[in-house]
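Commentary on secondary and tertiary structure
Residue strings, one per chain:
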Amino acid sequence: MGRLRVSGIREVKGVVRVPGDKSVSHRALILSSLAEGVSTISGLSGGEDVAATRRALVRMGADITVDGALVRVEGGVREPDDVLDCGNAGTGIRLLAGMCAGIDGVSVLTGDRYLRRRPMDRIAVPLRRMGAHVDGRENGRVAPLVVRGGGLRGITYASPVASAQVKSSLLLAGLSAQGSTTVIEPHPTRRHTEEMLTAFGVRVEVREERVTVHPGPLTATDVAVPGDPSQAAFWVVAGLLGGEVEVPGLYLGHGRAGFLDVLSRMGADLDVDPATGTVRARASRLRGADLEASHVPGVVDEIPILAVAAAAAEGSTIISGAAELRVKESDRIASTVAMLRAFGVAAEERPDGMVIHGRPAFTPAEVDSRGDHRIAMAAAVAAIARAEGDTAIAGWEAVATSYPGFAEDLVGVAGAGACAPADG
Ligand code: S3P
């Protein structure tokens, strides 16, 4: 489907079960493919990003079978027999490249036209320091990447970017290196890799923004993937802008619940039950709240939908220290500001963020996702909650990378006719 038509304004009410966490899903597949024995994974994300990682691991020799809701993985990986196509997934390509750096042989990793624009030198530089040969187009800056792995040594690396993907890539390479590998980050990022390596029996030490992995074998285990908080954020904001929404079963651990703190600062009426990972959001009068560099890693994927909340809030919001957004699935500073402006919101780009001036109502819009699933879903929430009339979202197919059932869930909470495929 190319375009989605969304008909606002509608109340958004009900319970939404979001897909399995995308970050956790990639890692569950990768670690169980590296482990000895059979692991099972329940609740795996059904999006295309994770499916691409699954296919790549099969190319490397992992035996992965899907049995209803349960995925069974018999570990064991070697040099892949063909190019690894990571689709749209930055997490997939960066984590797999780290894993391939630890495997004897040559791996070639590529992706779609959006992924092939994103920076890979952030992993290529430290993986080379560990002893891997990494090359790619533009002097190894972008994919396709060629990795000749094996024979690595552990390093201590102070990463210039706060990126869980960079950290995870090096930790995965470090599993087969000689000596331990330490990554130091400018700001702490999500800890899924550290948490899951521990569950697979690997020794990992975490101290604030410093993490060390000790090489060693992985032992197969069973992983239950929790709901994805980044997907829940769309429904939470939809509830806050007009309705009442409950999203159960979420991962609310380190580095992923930051959006709830930001929304609370904006005046959101939220109930959070950490024991069940349930978040309830009720219609609230929001006010603008600024975001700075130290907040960004904790909300890095939620900024498009937080920007929609800011656009519907009283007052202005300044987002700074967020230059990383320029190298996401789209240039998310440019695409978020363009999306808001299409709805009649006053918003301006800054080199490292944006300024958003809230307004009570939006005008219906023609939005282009620019190939970015999160821009498309943020626009759908803006339209349903604040824009009276029909909004068209072009490039809706990008949503399949992470949340293929989003439009159905929108109908589930906003009623029949809330959205439908549009011509053209
Ligand atoms: C992710 C880390 C973040 C995030 C991405 C998922 C991960 O990327 O934006 O969607 O699973 O490690 P960066 O590491 O580039 O910040």
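Sequence order as written defines residue numbering, which begins from 1 separately in each chain. In keeping with the predicted nature of the model, local features appear solely for residues at pLDDT of at least 70, side-chain atom pairs appear and are counted solely at 80 or more, and the whole-chain, interface and lining totals rest on all residues. Remark: hydrogens and water are excluded; side-chain values derive from all non-hydrogen atoms of the structure.

Points about the sheet that holds strand β8 (residues 133–136)
This is how the line gets drawn: Two strands form a pair only when DSSP identifies at least two bridges running between them. For helices the rule is a DSSP run of H or I covering at least 4 residues; for strands it is a run of E covering at least 2, with both sets numbered from the N terminus onward. A contact between two residues is defined here by any heavy atoms of the two lying within 4.5 Å. Axes, fitted as lines to C-alpha atoms, cover a helix only where it is in contact. Angles between the N-to-C directions of the axes lie from 0 to 180 degrees.
Across the sheet, which stays open at both edges, the four strands sit in the order β6-β7-β9-β8 with mixed pairing between neighbours. Bordering the open sheet on either side are β6 (84–85) and β8, each of which pairs with just one other strand. In this sheet, strand β9 (residues 142–149) lies alongside strand β7 (residues 105–110) in antiparallel orientation, the contact comprising five bridges. Its bridge partner being in β9, V108 is matched across the sheet by V146. Across the sheet, helix α3 (residues 90–101) lies against β6, β7 and β9, angled at about 20° from β9, the strand it touches most.

Overview of unusual backbone geometry
The peptide bond linking G8 to I9 adopts the cis configuration, its omega dihedral lying at 10°. Within the secondary structure, I9 sits in the loop between β1 (3–8) and β2 (12–15). The step from A143 to P144 runs through a cis peptide bond, and the omega angle for that step is 0°. Along the chain, P144 turns up in strand β9.

Things to note about the layout of surface pockets
Selection criterion: The rule is simple: put a 1 Å grid over the protein atoms alone, call a set of points where a 1.4 Å probe fits but cannot get out a cavity, call an open set with protein on both sides within 12 Å along at least five of seven lines a pocket, and count a residue as lining if it has an atom within 4 Å of a point. Grid points are joined across faces, edges and corners, and a volume is the space filled by probe spheres set on the points. We call Asp, Glu, Lys and Arg charged. Ala, Val, Leu, Ile, Met, Phe, Trp, Tyr, Cys and Pro are nonpolar, and the rest, Gly among them, are polar. For each domain, the first and last residues come from an automatic or database assignment.
Estimated volume of the largest pocket: approximately 530 Å³. Of all the elements in the fold, those that place two or more residues in the lining of the largest pocket are α1 (22–34), α3, α6 (164–174) and α10 (296–299). Of the residues assigned to the lining of the largest pocket, the class counts are eleven nonpolar, ten polar and 15 charged. When its volume is computed, the second largest pocket comes out at roughly 330 Å³. Lining the second largest pocket are 24 residues, with E48, G87, N88, D112 and T401 positioned closest to its centre. In terms of residue count, the dominant contributor to the lining of the second largest pocket is helix α2 (residues 48–59) (six residues). Tallied by class, the residues present in the lining of the second largest pocket amount to nine nonpolar, six polar and nine charged. Here the lining of the second largest pocket spans two domains, and each of domain 1 (3–18 + 226–421) and domain 2 (22–224) adds at least three residues to it.

A few points about the domain arrangement of the protein chain
Threshold: A 1.4 Å probe defines the accessible area here, and the buried area is the portion of it lost by two parts on being joined, summed over both. Definition used for salt bridges: Asp or Glu carboxyl oxygen within 4 Å of a side-chain nitrogen of Lys or Arg. A 3.5 Å cut-off defines polar contacts: any pair of N or O atoms within that distance qualifies, except that in protein one atom must be a possible hydrogen donor and the other a possible acceptor, and neighbouring residues in sequence count only when both atoms are side-chain atoms.
Here the domain parsing of the protein chain yields domain 1 (3–18 + 226–421) and domain 2 (22–224). The C-alpha-based centres of domain 1 and domain 2 are spaced at 29 Å. Taken together, the 23 residues of domain 1 in the interface contact 23 residues of domain 2. Together, the buried faces of domain 1 and domain 2 total about 2000 Å²; carbon and sulfur atoms form 49% of this surface. Considering only the side of domain 1, the residues that lose the most area to domain 2 are H254, E329 and T401, jointly responsible for 28% of the buried surface there. Here domain 1 and domain 2 share three salt bridges between them. As a salt-bridge pair, D301 and R190 come within 3.3 Å of each other at their nearest N and O atoms. Viewed at the interface, domain 2 and domain 1 are joined by ten residue pairs in polar contact (both at pLDDT 80 or more). Of the residues contributing to the side of domain 1 that touches domain 2, the split by class is eight nonpolar, seven polar and eight charged.

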